[in-house]
Amino acid sequence: MKQTRLMMGMPITVEIVNCKVKLFHFQEIFNYFQYIDDTFSTYKENSEISKINRGLLTKSQYSRDMQTILDLAERTRQDTQGYFDIHRGDKIDPSGIVKGWAIYQAALSLKQKGFTDYYVDAGGDIQVSGLNSHHQPWIVGIRNPFNREEIVKVVSLKGKGIATSGTYIRGAHIYNPQDKTDNLAEVISFTVIGPNVYEADRFATAAFAMGKKGIEFIEKLSGFEGYMIDKKSIATMTSKFSEYVVKSVEESEKKDLKSIQ
Amino acid sequence: MKKTLIALAAVVVIGGYVLYQNQGRFFLILLAQHRLSNPFQSSGNTAPATNISYKNGTYTGSVEDAFYGNVQVQATITGGKITDVQFLQYPHDALRSQAINSLAMPNLRQEAITAQIAQVDVVSGATDTSNAFVQSLQTALSQAK
């Protein structure tokens, strides 16, 4: 069974392959994302993060989830050579790390309920577990950043997380507002496969911010693979990314043809 | 709830999202995207005729929540057409651009991307920034009418 909600400005989809699954299982996941938004949205005046930024809460008053997120954000800052940083002047905005973490927590909650075969997708960042309805590893497409209706790569995942960071606006008009010479559009889309969606998401975000050097960064991380698409529609992939790739029908046919010849 | 309402408003204003599921495939199609994205495409692509004409000038869009941060655009209209869109705010603005160790690029494989025909369960992509972009651009263009 599969359910989708538009929440936090993005579609959130959960599919669970189990004959005993009920609608309330999905509702619990969507409620969890609502709690995440209510707690961590910097756009909500009464969220915990907004209260922290207004100086209304001391560290000892932070919720456990808030403390966890702040600790993970600091660890990510260190892991990404400072490219990932939640500090905005005297305020903090951990939203760049919350999404992947929340998807992973939602997936873990399904595991705790005894489900083994499912995925949780929030805005294109996905945690998969077990097998799909055809008893195969989950088949995940990577969207064409230049044409949203197309996919440009197909990967097969078992118990992994996949996240894509990027902008789907073609052209050379996208600049870092802090540095007008920094053309963010050089890299359009950066997909990372990792041990879970939290790990994949935080490193996809950081790698995207690094520009073309991002793929080197992922190459050096063990347990992670990356697929980077630049503005010239050229994809660069890490050395073991191809192990996840499902060959298209045409490519398989070409290969067969070659072997026959 | 507010985000849902914003999304619903976008449906009414710009043609809408068609959200449908079919045999395990999931697509989010932004109907308005083709029209809106045309100004960004390089010349040579055939743009469909559009009967919308905007007043010349520079218009600033609303600040939209892209979850990772704010997106705000400024559209420039020349000769009744969108000639430029600049980002005033972009989600990655707070990521510090420190120099990283410049190591020689290892032999990473490259390929030109091509559309794949395959049945997939789910699609990975960055939807959030572009949705916020479209909403911000739309408010900029509504001022230009």
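Report follows, based on the coordinates. Since this is a predicted model, take the numbers as computed values, not measurements. (Residues numbered from 1 in each chain as written. Chains lettered and ligands numbered in written order. Predicted model: local features only at pLDDT ≥ 70, side-chain atom pairs only at ≥ 80, totals over all residues. Heavy atoms only, no water.)

### Some details on the pattern of salt bridges
Okay, so step 1: Considering all chains together, one arrives at 10 salt bridges over all chains under this definition.
Okay, so step 2: Note that D125 of chain A is salt-bridged to K99 of chain A, the shortest N-O span being 3.2 Å. Of the two residues, D125 of chain A is situated in strand 6 (residues 125–129) and K99 of chain A in helix 4 (residues 95–112); the sequence distance between them amounts to 26 residues. K99 of chain A shares its class with D125 of chain A; the two are buried.
Okay, so step 3: Here R109 of chain B makes a salt bridge to E111 of chain B, at a shortest N to O gap of 3.9 Å.
Okay, so step 4: Judged by its relative accessible area of 48%, R109 of chain B is partly exposed.
Okay, so step 5: Taking relative accessible area as the criterion, E111 of chain B reaches 17% and is therefore assigned buried.
Okay, so step 6: One salt-bridge network, held together by shared partners, links D37, D38 and K44 of chain A. (Salt bridge = Lys/Arg side-chain N within 4 Å of Asp/Glu carboxyl O. Helix = DSSP H or I, 4+ residues; strand = E, 2+ residues; numbered from the N terminus. Buried < 20%, exposed > 50% of the residue type's maximum accessible area, 1.4 Å probe, protein only.)

### Examining the sheet that holds strand 8 (residues 147–157) of chain A
Okay, so step 1: The 3 strands are arranged 8(A)-7(A)-8(B) in an open sheet whose pairing can be described as mixed. Each edge of the open sheet is held by one strand with a lone partner, namely strand 8 of chain A together with strand 8 (122–124) of chain B. Geometrically, the sheet is characterised by an average inter-axis angle of 40 degrees between neighbouring strands, direction not taken into account.
Okay, so step 2: Direction of pairing for strand 7 (residues 138–144) of chain A relative to strand 8 of chain B: parallel, over a ladder of 3 bridges. When the sheet's bridge partners are listed, G141 of chain A is paired in strand 8 of chain B with V123 of chain B. (Pairing = 2+ DSSP bridges. Axes fitted to C-alpha atoms, helices over the stretch in contact; angles between N-to-C directions.)

### Let's talk about the packing of helix 3 (residues 64–79) of chain A against helix 4 of chain A
Residue and element names in this part refer to chain A.
Okay, so step 1: One can describe the packing of helix 3 onto helix 4 by two numbers: an axis separation of 10 Å at closest approach and a directional angle of 115 degrees. Between helix 3 and helix 4, the angle falls in the class roughly perpendicular. Judged by the sense of rotation from one axis to the other, the crossing of helix 3 with helix 4 is right-handed. Together, D65, T68, I69, L72, A73 and T76 of helix 3 and I97, V98 and W101 of helix 4 make up the contact between the two elements.
Okay, so step 2: Class assignment of the residues belonging to the contact of helix 3 with helix 4 gives a composition of 6 nonpolar, 2 polar and 1 charged. (Parallel < 35°, antiparallel > 145°, perpendicular 65-115°, else oblique. Left-handed = near helix turned anticlockwise from the far one by under 90°. Contact = heavy atoms within 4.5 Å. Nonpolar A, V, L, I, M, F, W, Y, C, P; charged D, E, K, R; others polar.)

### Quick notes on the packing of aromatic side chains
Residues and elements named next belong to chain A.
Okay, so step 1: This structure, assessed with the given rule, holds 6 aromatic pairs over all chains.
Okay, so step 2: Consider the rings of F203 and F217, whose centres lie 5.8 Å apart with planes at 50 degrees: the pair is tilted. Of this pair, F203 sits in helix 5 (residues 197–209) while F217 is found in helix 6 (residues 214–219), placing the two residues 14 residues apart along the sequence.
Okay, so step 3: Given the relative accessible area of 4%, F203 is considered buried.
Okay, so step 4: Exposure remark for F217: the relative accessible area of 7% places this residue in the buried category.
Okay, so step 5: Site record: aromatic cluster; members linked through ring pairs are Y32, F33 and Y35. (Phe/Tyr/Trp six-rings, centres within 6.5 Å; stacked < 30°, edge-to-face > 60°.)

### Considerations on the side chain of Q127 of chain A
All names here are of chain A.
Okay, so step 1: Looking at where Q127 falls in the secondary structure, it is placed in strand 6.
Okay, so step 2: What makes Q127 buried here is its relative accessible area of 7%.
Okay, so step 3: For Q127, the contacting residues outside a window of four places in its chain are I103, Y104, A107, Y118, Y119, V120, G159, K160, G161, N196 and V197.

### Topic: the sheet that holds strand 12 (residues 187–194) of chain A
Okay, so step 1: The strand order across the open sheet formed by 9 strands is 1(A)-2(A)-5(A)-6(A)-9(A)-12(A)-13(A)-14(A)-7(B), and the pairing between neighbours is antiparallel. The open sheet has two edge strands, strand 1 (2–7) of chain A together with strand 7 (109–112) of chain B, and neither has a second partner. Between one strand axis and the next, the sheet turns through 15 degrees on average, direction left out of account.
Okay, so step 2: Pairing geometry for strand 13 (residues 225–230) of chain A and strand 14 (residues 234–237) of chain A, over 3 bridges, is antiparallel. Residue pairing across strands places Y227 of chain A opposite M237 of chain A, the latter belonging to strand 14 of chain A.
Okay, so step 3: Along the sheet, helix 4 of chain A makes contact with strand 2 (10–16), strand 5 (118–122) and strand 6 of chain A, crossing strand 5 of chain A at roughly 155 degrees.

### Considerations on helix 3 of chain A
Because an α-helix completes one turn every 3.6 residues, residues spaced three or four positions apart along the sequence face the same direction.
Residues and elements named next belong to chain A.
Okay, so step 1: Over its 16 residues, helix 3 extends 22 Å from the first C-alpha to the last, a length consistent with the 22 Å expected when each residue adds 1.5 Å.
Okay, so step 2: Of all the residues in helix 3, the buried ones are M66, I69, L70, L72, A73 and T76. Viewed end-on, helix 3 has its buried residues packed into an arc of 165 degrees, placing them on one side of the element. Exposed residues pointing more than 90 degrees away from the buried face of helix 3 are listed as R64 and Q78.
Okay, so step 3: Buried residues belonging to helix 3 abut helix 1 (23–40), helix 2 (48–53), strand 4 (91–92), helix 4 and helix 5.
Okay, so step 4: After helix 3 finishes, the residue Q81 shows a positive phi value of roughly 55 degrees. (Expected span 1.5 Å × (residues − 1). Arc of directions from axis to C-beta.)

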